Amino acid sequence: MAFEKNILCIGAGYVGGPTMAVIAAKCPQYKVVVVDVDKEKIKAWNSDHLPIYEPGLDELVEKTRNRNLFFSADNAKGIEEAEIIFVSVNTPTKTFGHGAGKAADLQYWEKTAREILAHSKSSKIVVEKSTLPVRTASAMERILNENSKSIHFEVVSNPEFLAEGTAIQDLESPDRVLIGSRESPEGIKARKAIVEIYAHWVPRERIIQSNVWSSELSKLTANAFLAQRISSINSISALCEKTEADIDEVAHAIGMDSRIGPKFLKASVGFGGSCFKKDILNLVYICDSYGLEKVARYWEAVVEINEWQESRFIQNMLENMFSTVAGKRIALFGFAFKANTGDTRESPAIYVAQGLLAEKAEVVITDPKALKNARKDLKDFKKRVIFEADPYKAAKGAHAVAVLTEWDVYRDLDYRRILKSMVQPAFLFDGRNILDHKKLFEMGYNVFAIGKAPLKHF
Ligand code: UDX
Ligand code: ADP
């Protein structure tokens, strides 16, 4: 069957895979090919064990794979055939040279641009899906369009706002889709071509169009604002612990102000994930490079508060467990950076585990989906960490349990049974405020939550 359009996506990661699966499902008349340099990943996408866990993704891939969705390692063929190329390769924080620790490392992105150029025989639209520093499109255009092939590339920005764990839902009914391009006739034409893809399932009023720089900057800004809300509520959680105010009550009270709104006000052990820290540091670097020192420091503080919140959590455990955790078994409930994902990138649990190991604790980690990644994250401590799928077994013989991911399964455990199997006095640190603290205290636990007065029996 001949397809109406050939779409290629370079990068089969958390963004590329689910986004293309949804496009393929919503637009059966388009051929959607996803390529990646990582051959193992492509193999996994073509198997029954997809490389990422995302609710609803398996079903979607099963429905579309080899119908109009194809995973391939043949970049050259994919590029040659496509009219529209989405690029969702990784743009991690630079670890070397100028801007190390802050700026985005654009080497994969630039390699991709050069690869597109090498294998293209016709003009194409190149869509920035990865999160990129504002003005990247200009560099890309320069690389792509200085060619002797008489072909033209139009670079369009279409940042992805999906959150992990709800990726399919976010893609199927997004708050908005943002598409930015040059305001030239070619730019507007390219923009419209991308609008037409999304218009298959997204109401037109939710498809926003802008200039390419606004689109690039909006993605960084959205993530910075979301992270800022978490750091704001977390900073107040510290004050609550000193004053007997309750952070959940404060969040509820301020969230009912329609100007503030209730979302992203959940105090926690800290935010994780591959985006927030990376994107804010990227924003900080950009502001510094434009001489906007005050703006840079303002946003940098969002990351600093997050790191402080994580270290405060460890400190609190240490102080309350009689100033030593050496040789004590501590069970960490959850290792993923949030519930419903196996992803552990920048998870606060990594930081907490490392802090406890530095204090010579015996750490036991349990998580419904993230144990494989946890093993990789803590490979340097292999001999001192136990990985246990069953939370009851993880807590057996422990001095303390710390909830680090808000998995539903941890809300409904038999905490009486767990208490009986623990060393007394038993400590419970709720880094996500998901448990019934009063009930657990009455059961016999010493309970420490975020932004709440401690409930201690001593
Ligand atoms: C984020 C953005 O939400 C998404 O739009 C963007 O495309 C990518 O980055 P993601 O990192 O998948 O998505 O997860 P998100 O739900 O934003 O959570 C990030 C972190 O903040 C998690 O560790 C989460 O547990 C934490 N969080 C979130 C809180 O601590 N409190 C909250 O109220 C909300
Ligand atoms: P994100 O969360 O932004 O989707 P991931 O790291 O999950 O990031 O995915 C990015 C993917 O891009 C990885 O699977 C990586 O192998 C792939 N990638 C990086 N560079 C290239 C390239 N030049 N060609 C194809 N794929 C690439």
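These numbers were taken from a predicted model, which means no experiment stands behind them. (Residues numbered from 1 in each chain as written. Chains lettered and ligands numbered in written order. Predicted model: local features only at pLDDT ≥ 70, side-chain atom pairs only at ≥ 80, totals over all residues.)

**Points about the domain arrangement of the protein chain**
Spelled out, the test is: What fixes the domain bounds is an automatic or database domain assignment. A run of DSSP states H or I qualifies as a helix once it reaches four residues; a run of E qualifies as a strand once it reaches two. Both are numbered from the N-terminal end. Three classes are used, and their members are as follows: Ala, Val, Leu, Ile, Met, Phe, Trp, Tyr, Cys and Pro are nonpolar, Asp, Glu, Lys and Arg are charged, and the others, Gly among them, are polar.
You can read the domains of the protein chain as domain 1 (5-202) and domain 2 (212-458). One C-alpha centre belongs to domain 1, the other to domain 2; they are set 32 Å apart. If you list the elements that add at least two residues to the side of domain 1 that touches domain 2, you get α6 (136-145) and β7 (177-181). With four residues, the top contributor of residues to the side of domain 1 that touches domain 2 is β7. Tallied by class, the residues present in the side of domain 1 that touches domain 2 amount to 14 nonpolar, eight polar and four charged.

**Let's talk about the site of ligand 1**
Put simply, the test is: Using a C-beta atom placed from the backbone for every residue, we mark a residue as near a molecule or strand if that atom lies within 6 Å of it.
Every one of the 19 residues lining ligand 1 counts as a neighbour, but Lys-266, Ser-268, Phe-271, Gly-273 and Cys-275 are closest to it. Here the element with the most residues in the shell around ligand 1 is helix α9 (residues 212-243); it accounts for three residues. For the shell around ligand 1, the class distribution of residues is eleven nonpolar, four polar and four charged. Both domains that meet at the shell around ligand 1, namely domain 1 (5-202) and domain 2 (212-458), each give it at least three residues.

**Digging into the pairing of strand β9 (residues 329-333)**
Formally: Any residue surrounded by 20 or more other C-beta atoms within 10 Å of its C-beta is treated as buried, while 12 or fewer makes it exposed and the intermediate range makes it partly exposed; C-beta atoms here are placed from the backbone. By this definition, two strands are paired if DSSP reports at least two bridges between them. Whether a crossover is right-handed depends on one test, that the path from the first strand over the helix to the second runs clockwise when the strands point away from the viewer.
Of all five residues making up β9, four are buried, and the element is well covered by its neighbours. Here β9 pairs with strand β10 (residues 362-366) via five bridges, running parallel. Pairing of Ile-330 across the sheet is with Val-363, part of β10. Each parallel crossover has a hand, and the one from β9 via helix α13 (residues 348-358) to β10 is right-handed.

**Some points on the packing of α9 against helix α11 (residues 276-289)**
Counted only if it meets this: The axes are straight lines fitted to the C-alpha atoms, using for helices just the contacting stretch, and the angles between their N-to-C directions are given from 0 to 180°. Crossing handedness is read from the near helix: turned anticlockwise from the far helix by less than a right angle, it gives a left-handed crossing, and turned clockwise, a right-handed one. Residues are defined as contacting one another if the C-beta atoms placed from their backbone atoms lie within 7 Å.
Between α9 and α11, whose axes approach to 9 Å, the crossing angle comes to 115°. Both α9 and α11 take part in a crossing whose hand is left-handed. Residues Leu-220, Asn-223, Ala-224 and Ala-227 of α9 lie in contact with α11, whose contacting residues are Phe-276, Asp-279, Ile-280, Asn-282 and Leu-283. By residue class, the composition of the contact of α9 with α11 is six nonpolar, two polar and one charged.

**Digging into the environment of Ala-394**
Counting through the fold element by element, Ala-394 comes out in helix α15 (residues 391-395). Residues Ala-394 and Ile-365, 29 residues apart in the sequence, show an inter-C-alpha distance of 6.9 Å. Setting aside its immediate chain neighbours within four residues, Ala-394 contacts Ala-331, Val-364, Thr-366 and Glu-388.

**Description of the sheet that holds strand β13 (residues 427-430)**
With respect to topology, six strands assemble into an open sheet ordered β11-β10-β9-β12-β13-β14, the strand pairing being parallel. With one partner strand each, in any of the chains shown, β11 (385-387) and β14 (446-449) form the two edges of the open sheet. Each strand axis lies, on average, 20° off the axis of its neighbour in the sheet, ignoring direction. Pairing of β10 with β11, which is carried by three bridges, proceeds in the parallel orientation. By the bridge assignment, Val-363 is partnered in β11 with Val-385.

**Some details on the environment of Ala-167**
Counting through the fold element by element, Ala-167 comes out in helix α7 (residues 167-172). The class of Ala-167 is buried, set by 25 C-beta atoms lying within 10 Å. Counting along the chain gives 83 residues from Ala-167 to Val-250, while the straight-line C-alpha distance between them is 29 Å. If we skip the residues at most four places from it in the chain, Ala-167 touches Pro-18, Glu-54 and Leu-162.

**A look at the environment of Val-284**
By the secondary structure assignment, Val-284 is in helix α11. The exposure class of Val-284 is buried, given the 23 C-beta atoms found within 10 Å. Residues Val-284 and Arg-297, spaced 13 residues apart in sequence, show a C-alpha to C-alpha distance of 7.2 Å.

**Concerning the site of ligand 2**
What surrounds ligand 2 is a group of 22 residues, the closest being Gly-11, Gly-13, Tyr-14, Val-15 and Val-89. When the residues that make up the shell around ligand 2 are grouped by side-chain class, the tally is eight nonpolar, nine polar and five charged.

**Side note on the nonpolar core**
Short version of the rule: As used throughout, a nonpolar core is a set of buried Ala, Val, Leu, Ile, Met, Phe, Trp, Tyr and Cys residues joined through C-beta atoms within 7 Å of each other.
Grouped together as the largest cluster of nonpolar side chains are 76 residues, with contacts concentrated most on Ile-330, Leu-332, Val-352, Val-401 and Ala-402. Among the elements that line this core, the one with the most residues is helix α12 (residues 293-320), at eight residues. Of all hydrophobic cores here, the second largest spans 56 residues; its members include Leu-8, Ala-24, Ile-79 and Val-155.

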